Amino acid sequence: MSGLEDQIQELEAELERTPYNKATSKHIGRLKAKIAKLKDEAVTRAMKASGGGEGFSVKKSGDATVVLVGFPSVGKSTLLNKLTGTKSEVGAYAFTTLTVVPGSMDYKGAKIQILDIPGLIAGAAMGRGRGKEVIGVVRSADIIVILLDVFNGAHAGVLLKELYDAGIRINKPKPDITIKRTSNGGVLLHAVGTLDLEIEEVRSILAENKIMNADVLVRGGATQDDLIDAMIGSRVYIPAFIAVNKVDLVDAETQEEIRRGIVDEIGVEPLMISAHSGLHMDELKDEVYNKLGFMRVFLKPQNGVADLEEPLIIRTGSTVADICRKLHRDFVSRFRYARVWGRSVKHPGQRVGLPHQIIDSDILSIITEH
Ligand SMILES: Nc1nc2c(ncn2[C@@H]2O[C@H](COP(=O)(O)OP(=O)(O)OP(=O)(O)O)[C@@H](O)[C@H]2O)c(=O)[nH]1
Ligand SMILES: [K+]
Ligand SMILES: [Mg+2]
């Protein structure tokens, strides 16, 4: 074990021993910032370490990318094959899959790319077991399916910690925090809305990064961890859900025990599935689809009628520019204006530009130069 990891473990043990109260909050903030800095250093070091990235660069395709994350042999490849008809190798031994295997699933008009990756192991964030490459793929996901099986349901927390250490924040919007360094005047804190963070905590956290002068602006609340994340940077915020596979192997009572164990441990309701028997596959697809957030837009040729039969499926929050890109690679550069009918505009047929945000069921007409 490297010196860095020893230091991290010692600090984590101290953090665990320290009760949280008003008197210790400053100290706790400093400990957490120290740990985060060391982890970031360890991860950066691991990511830089040489090691072939072969087979790990998969081009994103379709409307969104789902990554299947789990310990070895929980059934990631079996699930990919079931959902997409791909033939990723399945085996009763760990590390059957050694590269990224892509598949594509059509669901309710959306084309969803699914990536099967090698099993993650404890220490992956620090580069163990090709962790560098595997984590890199996970960080690029639009949504993560955390796959456990009935034999390791109790390890949900270990997997989540690994993702956390790799800078992946799950089911959490990015906190609205700006840290602007200044040349003097110390650390000043401006909060919009209520903030449960004392200026002394902010100062001791920033001091760990040698930031002595800064304007810190927080909108909508933040915890110590949020502030540390904003200070260190390189965090990704990705929606995820948990599925427990191989439930065909245990009786209903054991299933219920596992389900409850996960809810107790991490407060999340898992989906109980069987990639073999196909149990709850539609529920899993729905969960992916809903979490990704899709909507429909109807296209109308400039002087024709809208095609109300076949909507275009796009991610919620898409702009006219996003839609142009999806339709044709020249549409953005040839774009003149668009007309929209529906809930995103005040007047039917209103003229809008590329940044305009579309709402579900809008009708859109794009006018381009020839
Ligand atoms: N009974 C049962 N077995 C399953 C199920 N899904 C997968 N398996 C078995 O579990 C073993 C591992 O499956 P894989 O799909 O190779 O698992 P993986 O997570 O891709 O494994 P690695 O690539 O090695 O990390 C195989 O023997 C599968 O047949 C399931 O739903 N039920
Ligand atoms: K396997
Ligand atoms: Mg596999």
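Residues numbered from 1 in each chain as written. Chains lettered and ligands numbered in written order. Predicted model: local features only at pLDDT ≥ 70, side-chain atom pairs only at ≥ 80, totals over all residues.

**Topic: the environment of Thr 84**
Then, number 1: Within the secondary structure, Thr 84 is located in helix H3 (residues 76-84).
Then, number 2: For Thr 84, a count of 19 C-beta atoms within 10 Å gives the class partly exposed.
Then, number 3: With 99 residues separating them in the primary sequence, Thr 84 and Ser 183 have C-alpha atoms 55 Å apart.
Then, number 4: In contact with Thr 84, other than residues within four places in its own chain, are Gly 103, Ser 104, Met 105 and Ile 114. (Helix = DSSP H or I, 4+ residues; strand = E, 2+ residues; numbered from the N terminus. Buried ≥ 20, exposed ≤ 12 C-beta atoms within 10 Å, placed from the backbone. Contact = placed C-beta atoms within 7 Å.)

**A closer look at the UniProt feature "domain: OBG-type G" (unreviewed entry) in the protein chain**
Then, number 1: The UniProt feature table records "domain: OBG-type G" (unreviewed entry) at residues 64-293.
Then, number 2: With 32% helix and 26% strand, residues 64-293 has its two end C-alpha atoms placed 10 Å apart. (UniProt positions renumbered as here; feature names shortened; annotations may be inferred.)

**Observations concerning the site of ligand 1**
Then, number 1: Inspection of the region around ligand 1 gives 24 residues, with Gly 75, Ser 77, Thr 78, Thr 97 and Gly 119 positioned closest.
Then, number 2: Of the residues that constitute the shell around ligand 1, the class distribution is 9 nonpolar, 12 polar and 3 charged. (Near = placed C-beta within 6 Å. Nonpolar A, V, L, I, M, F, W, Y, C, P; charged D, E, K, R; others polar.)

**Regarding the domain arrangement of the protein chain**
Then, number 1: On domain assignment, one finds that the protein chain holds domain 1 (3-49 + 175-232), domain 2 (64-171 + 236-292) and domain 3 (294-368).
Then, number 2: Between the C-alpha centres of domain 2 and domain 3 the distance comes to 34 Å.
Then, number 3: Opposite the 5 residues of domain 2 that make contact, domain 3 presents 4 residues.
Then, number 4: A per-class count over the side of domain 2 that touches domain 3 returns 4 nonpolar, 1 polar and no charged. (Domains from an automatic or database assignment.)

**So, the pairing of strand S4 (residues 143-149)**
Then, number 1: A large share of S4 lies buried, amounting to 7 of its 7 residues.
Then, number 2: What you see with S4 is no split at all: Ile 143, Val 145, Leu 147 and Asp 149 on one side and Ile 144, Ile 146 and Leu 148 on the other are buried throughout.
Then, number 3: Across 5 bridges, the pairing between strand S1 (residues 64-70) and S4 is parallel. The residue bridging Leu 68 from the neighbouring strand is Val 145, located in S4.
Then, number 4: Note that S4 and strand S10 (residues 240-245) share 6 bridges and pair parallel. Bridging from a neighbouring strand, Leu 147 pairs with Ala 243 of S10. (Pairing = 2+ DSSP bridges.)

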